[in-house]
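Fold and contact review
Listed below, chain by chain, are the residues.
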Amino acid sequence: MIILGIETSCDETSAAVVRNGTEVLCNIIASTKDVFAQSGGVVPEDAARRQVELILPVLHSAITDAGLSYADIDAIAITKGPGLMGSLLVGVMAARTLSLVHNIPLIGVHHTLGHLSSIWLEHSEEPTFPCVTLSVSGGHSDLWLRSSHTDGKLIGKTKDDAAGEAFDKGAAMLGLPYPGGPSIAKAAESGDASAFNFPIALSKEKTCDFSFSGLKNSLRLAIQKHDGDLEKLRPNLAASYQEAICAQLCHRVSHALTLYPDVKEVHTVGGVSANSRLREMLQGNISPCALRTPKTIPYCTDNAAMIASAGYFIQLE
Ligand code: KG4
Ligand code: ZN
C-alpha cells in the first residue's frame, strides 16, 4: 500500500511517499527554521505564510521524486494536529483538495502518533511489544508504554516545558541560535559537562513525569552570576545544561523499566532524540533492553514520512 504523507504542523513543510508503513520512497522536507534563527523561536503568522509558499512545490517534488502519479497513491495521511493553527490548515486544505480531486481516501494522523511511528521507517526488524517510548520534541515530552503500532498508555509527561523547549529557551539565554538543541549540542562539544552542577528535577520521586522549569531558572541564575564571562563559559554552561536535560530523561526511562519489567525494547523519537549525548546515556542505562532510534536524523524532527507510516498502521486497525 502506497501512502502520501503531508506534515505542516509548525515550520517544516514536508511531503513523503511510503510503502507499507516502512519503505520510504521519498521524504521531502522544506524547513524554514533558518528564518527564525535569530528570533529565538517560530513566529506563527510567518510560519503559515511560508507553508502557503512551499506546499505545492514540496508536493510536486514528492510525487516526482517517487516516480509516481496520484493514480498510484492509495491513501493520503495528513497531520490533523496539534500544532500551529495557520500552518496546520495549509496542509489539511491541500490534503482535502487532493483527496477530492483524485478520489483518494484521507487519514487524519495525530502529530504525536507520527513521531512514535518514525521508528518503523526503514526498520525491517519486528518490534517486541510492550515497549517504552520516550517521545521528546519542541512541543512535548512524553513517556509511553506501547502495546501495538498504534496503541499505548501515556505513563509520563512534562509538568511544564517540553525537553526541546528547554533546549530552545536555554539556547536563547546563552545567545545561541534557534533551534536550540543542535546549537547547544554543538557548543557543548568543547565544554565540560561537570563544570556546573545543574539540578535534575524530581530525581528523588518515583515518577515518570518531567519538569524543566527549575533547570531553566538555574541556567538563568548561573548566567547572571557570571555576567561578563558568558563568551568564555558558554561551552561549559551548554555541556552542563545538556547533561542535566539528558540525565532527567534517562532517569525517567530507567524508572519506567522498573515498573514494567517485561519491556525488552526502548524507543526514543522526536527532535530531541537526535541528540547524541541522550542516545549515549540511554544506551548505557537501559541494559539489557535494546535501544531503537529513528534510522536517520531527518526522521527525528518533523517529517511527512512518519505521518505516512502512522497512516498505514491506522488503516490496518
Ligand atoms: O520534533 P520536532 O522537529 O518538532 C516538534 O514537534 O516540536 O522537534 C524540534 C525540537 C526543537 O526544540 C529542537 O531544539 C530539538 O527538537 N532538537 C534537538 C536536536 N535537534 C533538534 N534537541 C537536542 N539535540 C538535538 N540534536
Ligand atoms: Zn514534531
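Structural notes, computed from the coordinates. (Residues numbered from 1 in each chain as written. Chains lettered and ligands numbered in written order. Predicted model: local features only at pLDDT ≥ 70, side-chain atom pairs only at ≥ 80, totals over all residues. Heavy atoms only, no water.)

**Some remarks on a nonpolar patch on the surface**
- Residues M85, L89 and M93 make up a contiguous nonpolar surface patch of about 330 Å² in total accessible area.
- In this structure, M85 sits in helix α2 (residues 85–102).
- Note on M85: relative accessible area 60%, which makes it exposed. (Patch = residues over 30% accessible without salt bridge, like charges linked within 9 Å, V, L, I, M, F, W, Y side chains within 5 Å. Areas by Shrake-Rupley, 256 points an atom, 1.4 Å probe, with all protein chains shown as cover. Salt bridge = Lys/Arg side-chain N within 4 Å of Asp/Glu carboxyl O. Helix = DSSP H or I, 4+ residues; strand = E, 2+ residues; numbered from the N terminus. Buried < 20%, exposed > 50% of the residue type's maximum accessible area, 1.4 Å probe, protein only.)

**Regarding the packing of aromatic side chains**
- Under the defined criterion, the tally for this structure stands at six aromatic pairs.
- Aromatic side chains F210 and F212 sit 6.4 Å apart centroid to centroid with 10 degrees between the ring planes, which places their arrangement in the stacked category. Exposure class is identical for F210 and F212. Each is buried.
- Put simply, the rings of W120, F129, Y312 and F313 pair up and form one aromatic cluster. (Phe/Tyr/Trp six-rings, centres within 6.5 Å; stacked < 30°, edge-to-face > 60°.)

**Some points on the layout of surface pockets**
- Of the voids in this model, the largest pocket is the one considered here, and its volume is about 1,000 Å³.
- Lining the largest pocket are 43 residues, and of these S137, G138, G164, D168 and G271 sit closest to its centre.
- When residues of the lining of the largest pocket are traced back to their parent elements, those giving at least two are α3 (111–117), α4 (163–173), α5 (180–188) and α8 (276–285).
- The residue inventory of the lining of the largest pocket, partitioned by class, reads 13 nonpolar, 19 polar and 11 charged.
- Looking at the lining of the second largest pocket, the elements with two or more residues in it are α3 and β7 (141–146). (1 Å grid on protein atoms, 1.4 Å probe; cavity = no way out; pocket = protein on both sides within 12 Å on 5 of 7 lines; lining within 4 Å. Points joined across faces, edges and corners; volume = space filled by probe spheres on them. Nonpolar A, V, L, I, M, F, W, Y, C, P; charged D, E, K, R; others polar.)

**Re the site of ligand 1**
- Among the 19 residues in the neighbourhood of ligand 1, the closest are listed as H115, G138, D168, G181 and D302.
- Take H111: an N or O atom from its side chain is 3.2 Å from an oxygen atom of ligand 1.
- Contacts to ligand 1 include G181, whose backbone N or O atom sits 2.9 Å from an oxygen atom.
- More than half of the atoms of ligand 1 fall within 2 Å of the grid points belonging to the largest pocket. (Near = heavy atom within 4 Å. Polar contact = N/O pair within 3.5 Å; in protein donor to acceptor, adjacent residues only side chain to side chain. Sits in = over half its atoms within 2 Å of the grid points.)

**Quick notes on the side chain of S309**
- Mapped onto the elements of the fold, S309 is located in helix α9 (residues 304–316).
- Accessibility expressed as a relative area gives 0% for S309, which makes it buried.
- Look past the residues within four positions of S309 in its chain and what remains in contact with it is G21, S117, W120 and L121. (Contact = heavy atoms within 4.5 Å.)

**Some remarks on the coordination of the zinc ion (ligand 2)**
- Summarising the metal site, the zinc ion (ligand 2) is bound by the protein donors H111 (NE2), H115 (NE2) and D302 (OD), whose distances to it range over 2.0 to 2.1 Å.
- Taken together, the four donor atoms surrounding the zinc ion (ligand 2) define angles of 97 to 132 degrees at the centre, an arrangement classified as tetrahedral.
- Of note, the zinc ion (ligand 2) draws all its donor residues from one chain, in the sequence arrangement H-x3-H-x186-D. Taken as a pair, H115 in helix α3 and D302 in the loop between β10 (290–292) and α9 lie far apart in primary sequence, 187 residues in all. Note on accessibility: H115 and D302 belong to one class, buried. (Donors = N, O, S within 2.8 Å, 3.2 Å for Na, K, Ca; no water. Tetrahedral: all angles 85-135°; square planar, octahedral: opposite > 155°, others 65-115°.)

**Let's talk about the pairing of strand β6 (residues 131–136)**
- Of all the six residues making up β6, six are buried; the element is thus mostly covered by neighbouring parts of the structure.
- Side chains of β6 alternate between two faces, with C131, T133 and S135 and V132, L134 and V136 buried alike.
- Sheet topology places β6 next to β7; six bridges connect them, and they run antiparallel. Across the sheet, residue V132 finds its bridge partner in β7, namely L145.
- Two successive antiparallel strands, β6 and β7, enclose a turn made up of four residues.
- Bridge analysis of β6 against strand β9 (residues 265–269) gives five bridges, and the strand direction is parallel. Counted as the bridge partner of V132 is V266 from β9. (Pairing = 2+ DSSP bridges.)

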